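Residue-level structural notes
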Amino acid sequence: EFYNPGEKMHYSQLCVSIPLARRSGFYMWKVGTIAVILVLMSWTVFLLPQESFQDSLQISMTLFLAAIAFNFVLMESLPKVSYNTFLDKYILMCYTYIFLSVVQQCVMYCITLYPFR
């Protein structure tokens, strides 16, 4: 029974509890696998010779854009929440790895172009 002191009346109250759980394993396998594949493919540029800087940069940037497009497609199928989920942090980590491979390529290119004396 619920009592409202302002109106001095008693009201009936019914409390219902419905346990819900989301199965996140499906998304983790599907998204995690594709994200790891994109990151591993971005690391293949380290196997290219240093002279093919433009090719390796083009591969890395294409994979970075593919990861961003994948994220847009993914966000359409996931529920909208106001906080960063584990999946969001995982995708951001994958972006960071791809970006760091681009930075490393640029640093190595600058080092070979302008060697230290």
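The structure under discussion appears in the preceding block.
Criteria and thresholds
- Residues numbered from 1 in each chain as written.
- Predicted model: local features only at pLDDT ≥ 70, side-chain atom pairs only at ≥ 80, totals over all residues.
- Heavy atoms only, no water.
- 1 Å grid on protein atoms, 1.4 Å probe; cavity = no way out; pocket = protein on both sides within 12 Å on 5 of 7 lines; lining within 4 Å.
- Points joined across faces, edges and corners; volume = space filled by probe spheres on them.
- Helix = DSSP H or I, 4+ residues; strand = E, 2+ residues; numbered from the N terminus.
- Nonpolar A, V, L, I, M, F, W, Y, C, P; charged D, E, K, R; others polar.
- Buried < 20%, exposed > 50% of the residue type's maximum accessible area, 1.4 Å probe, protein only.
- Contact = heavy atoms within 4.5 Å.
- Axes fitted to C-alpha atoms, helices over the stretch in contact; angles between N-to-C directions.
- Parallel < 35°, antiparallel > 145°, perpendicular 65-115°, else oblique.
- Left-handed = near helix turned anticlockwise from the far one by under 90°.

1. Some details on empty space enclosed by the protein
- This structure, assessed with the given rule, holds one cavity of 30 Å³ or more.
- For the largest cavity, the calculated volume is near 50 Å³.
- Around the largest cavity, the lining residues are Ala35, Leu38, Val39, Ala67, Phe70, Ile91, Cys94, Tyr95 and Ile98.
- Residue assignment for the lining of the largest cavity shows that the elements contributing at least two residues are α1 (25-43), α2 (53-77) and α3 (86-113).
- No other element matches the four residues that α3 contributes to the lining of the largest cavity.
- Of the residues that constitute the lining of the largest cavity, the class distribution is nine nonpolar, no polar and no charged.

2. Thoughts on the environment of leucine 38
- Here leucine 38 shows up in helix α1.
- For leucine 38, a relative accessible area of 11% corresponds to the buried category.
- If sequence neighbours within four positions are ignored, leucine 38 has contacts with Leu63, Ala66, Ala67 and Ile98.

3. Here's the deal with the packing of α2 against α3
- The interhelical angle for the contact between α2 and α3, taken along N-to-C directions, is 170°, at an axis separation of 10 Å. On the basis of the axis angle, α2 is roughly antiparallel to α3. Remark: the crossing between α2 and α3 carries left-handed chirality.

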